[in-house]
Structures are given as C-alpha cells and as structure tokens.
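One letter stands for each residue in the lines below.
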Amino acid sequence: KLKEREDHLRESWVKAMEARLVRDELVKCQRHEGVNSLENCKWWSEKYIQMLQDNKVKGYKEIDV
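Residues numbered from 1 in each chain as written. Predicted model: local features only at pLDDT ≥ 70, side-chain atom pairs only at ≥ 80, totals over all residues. Heavy atoms only, no water.

Looking at this model, I keep getting lost on the environment of Asn55. Mind explaining?
With respect to the helices and strands, Asn55 occurs in the segment after α3 (42–54). Note on Asn55: relative accessible area 14%, which makes it buried. In this structure, the C-alpha to C-alpha distance between Asn55 and Ser12, residues 43 residues apart in sequence, is 6.9 Å. The residues contacting Asn55, other than those within four sequence positions of it, are Lys15 and Ala16. (Helix = DSSP H or I, 4+ residues; strand = E, 2+ residues; numbered from the N terminus. Buried < 20%, exposed > 50% of the residue type's maximum accessible area, 1.4 Å probe, protein only. Contact = heavy atoms within 4.5 Å.)

In structure tokens, the structure reads:
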C-alpha cells in the first residue's frame, strides 16, 4: 500500500512538472512572438490550460463519510 501511494504521488508530480515545462515554453514563445503571440502561441496556451485541468497534484488520503 505504501508503494502504491509513493507511485501515485510520483506520477502526480511528474505531470505537474510537465505542465511547468509547457508553461515555460509558452512564456518563451510569447516573448519571442511579441504582439503576434495570441495567434502563434495558441497551441502552447491550449496545451497548458488542458494540462492545468488534468494534472492536478492529488493527495493520497481518502476520507470516508
């Protein structure tokens, strides 16, 4: 059970770090493109928004009601 918990947390953190890398690429694209960044960086922004929704770090505690 402890191994499952560690694996779950590790996967959550890996996904969170992937989202951070996408954000960094988005910022780099926005700085490079300037005023055209809304058009040219749209793919990065959509990818980042999707990753923020999907890749939240979840804890391992479950509360039974």
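Before we go on, may I ask you to explain the state of the cysteines in this structure?
Cysteine pairs can be linked by a disulfide, which is a covalent bond between their two sulfur atoms. Following the criterion strictly, the structure yields one disulfide and no others. The partner cysteine of Cys29 in its disulfide is Cys41, sulfur to sulfur 2.0 Å. On the S-S bond that ties Cys29 to Cys41, the torsion sits near -90°, and the link is left-handed. Taken together, the residues Cys29 in helix α1 (residues 2–33) and Cys41 in the loop between α2 (37–40) and α3 connect sequence positions twelve residues apart. (Disulfide = S-S within 2.5 Å.)

Nothing here speaks to function; it is all geometry.
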